[in-house]
Amino acid sequence: MSRPPFPPYTEATAIQKVRTAEDGWNTRDPERISLAYSENSWWRNRSTFVQGRAAIVEFLAGKWERELDYRLIKELWAYTDDVIAVRFAYEYHDAAGQWFRAYGNENWHFDKEGLMTHRHASINDLAIDKADRKFFWDTSGPRPAAHPGLSDLGL
């Protein structure tokens, strides 16, 4: 199994990898998303540690039971041959209707098949008013190409 583009990354292929990851996460489909990670992929997500695809699926399923109407934007921060760093923000609301914007950074390491072997995510949540939301697109698909990115939104 492989997941192009493959390392070593260029700026163009790193940007492509980031957008592919964003599009995948915006599906909110844990099974589909897990296929971008190696069988034994290791994650630190906030203070939670996860290893392996089955654990990734379980983690993501729980995430989207709590984080409703989730919309994510990722942006390339830096890259080397087989490592990509991104910054991101996502918006969601909880079951009580409170909206949040989560801000974070991720560091990714890839194997030669383009599968992510390590994911380190640091994330902070900020409660926002519904009127302060910035991410607007139909959640049945990826962020449209014309929708502003993080830098365009001043985030």
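Residues numbered from 1 in each chain as written. Predicted model: local features only at pLDDT ≥ 70, side-chain atom pairs only at ≥ 80, totals over all residues. Heavy atoms only, no water.

**Considering the overall build of the protein**
So, step 1. Counting its secondary structure elements, the protein contains three helices and six strands.
So, step 2. In the protein, the order of α-helices and β-strands from amino to carboxyl end is α-α-β-β-α-β-β-β-β.
So, step 3. Here the protein has a C-alpha radius of gyration of 15 Å; the compact-globule value for 155 residues is 15 Å, and the two agree.
So, step 4. Burial analysis of the protein (155 residues in total) assigns 45% to the buried set.
So, step 5. Long-range contacts, defined here as pairs at least 24 residues apart, represent 57% of the contacts in the protein between residues at least 6 apart.
So, step 6. For the protein, the exposed area adds up to about 7,900 Å²; of that, 52% sits on carbon and sulfur atoms. (Helix = DSSP H or I, 4+ residues; strand = E, 2+ residues; numbered from the N terminus. Rg over C-alpha atoms; globule rule 2.2 N^0.38 Å. Buried < 20%, exposed > 50% of the residue type's maximum accessible area, 1.4 Å probe, protein only. Contact = heavy atoms within 4.5 Å. Areas by Shrake-Rupley, 256 points an atom, 1.4 Å probe, with all protein chains shown as cover.)

**Here we look at the nonpolar core**
So, step 1. By size, the foremost hydrophobic cluster in this structure holds 28 residues, and its most contacted members are W25, Y37, W43, L60, I84, Y90 and W108.
So, step 2. Per element, the largest residue contribution to this core is five residues, and it comes from strand 4 (residues 83–93).
So, step 3. Residues contacting W108, with those up to four places away along its chain left out, are K17, V18, A21, K74, D82, V83, I84, V86, M116, H118 and R119.
So, step 4. Grouped together as the second largest cluster of nonpolar side chains are six residues, A89, W137, L150 and L153 included. (Core = buried A, V, L, I, M, F, W, Y, C linked by side-chain atoms within 4.5 Å.)

**Considering the sheet that holds strand 4**
So, step 1. Spatial strand order, 2-1-6-5-4-3: six strands in an open sheet with mixed pairing. With partners counted over all chains shown, the strands left at the sheet margins are strand 2 (48–51) and strand 3 (68–79), one partner each. If you compare each strand with its neighbour and ignore which way they point, the axes differ by 20 degrees on average.
So, step 2. Pairing analysis gives 11 bridges linking strand 4 to strand 5 (residues 99–110), with the strands arranged antiparallel. Counterpart to I84 in the pairing with strand 5 is W108.
So, step 3. Contacts from helix 1 (residues 11–26) reach strand 1 (37–45), strand 3, strand 4, strand 5 and strand 6 (116–128) within the one sheet, and its direction differs from that of strand 3 by about 165 degrees.
So, step 4. Lying on the sheet, helix 3 (residues 53–66) is in contact with strand 1, strand 2, strand 3 and strand 4; it crosses strand 1 at an angle near 45 degrees. (Pairing = 2+ DSSP bridges. Axes fitted to C-alpha atoms, helices over the stretch in contact; angles between N-to-C directions.)

**Observations regarding the pairing of strand 1**
So, step 1. Relative to strand 6, strand 1 runs parallel, the two being bridged by five bridges. Considered in strand 6, the bridge of Y37 is made with M116.
So, step 2. Bridging between strand 1 and strand 2 involves four bridges; their strand directions are antiparallel. If you follow N45 over to strand 2, its bridge partner there is T48.
So, step 3. Taking the residues that link successive antiparallel strands as the turn, the strand 1-strand 2 hairpin has two residues, and the phi of R46 there is positive, at about 60 degrees.

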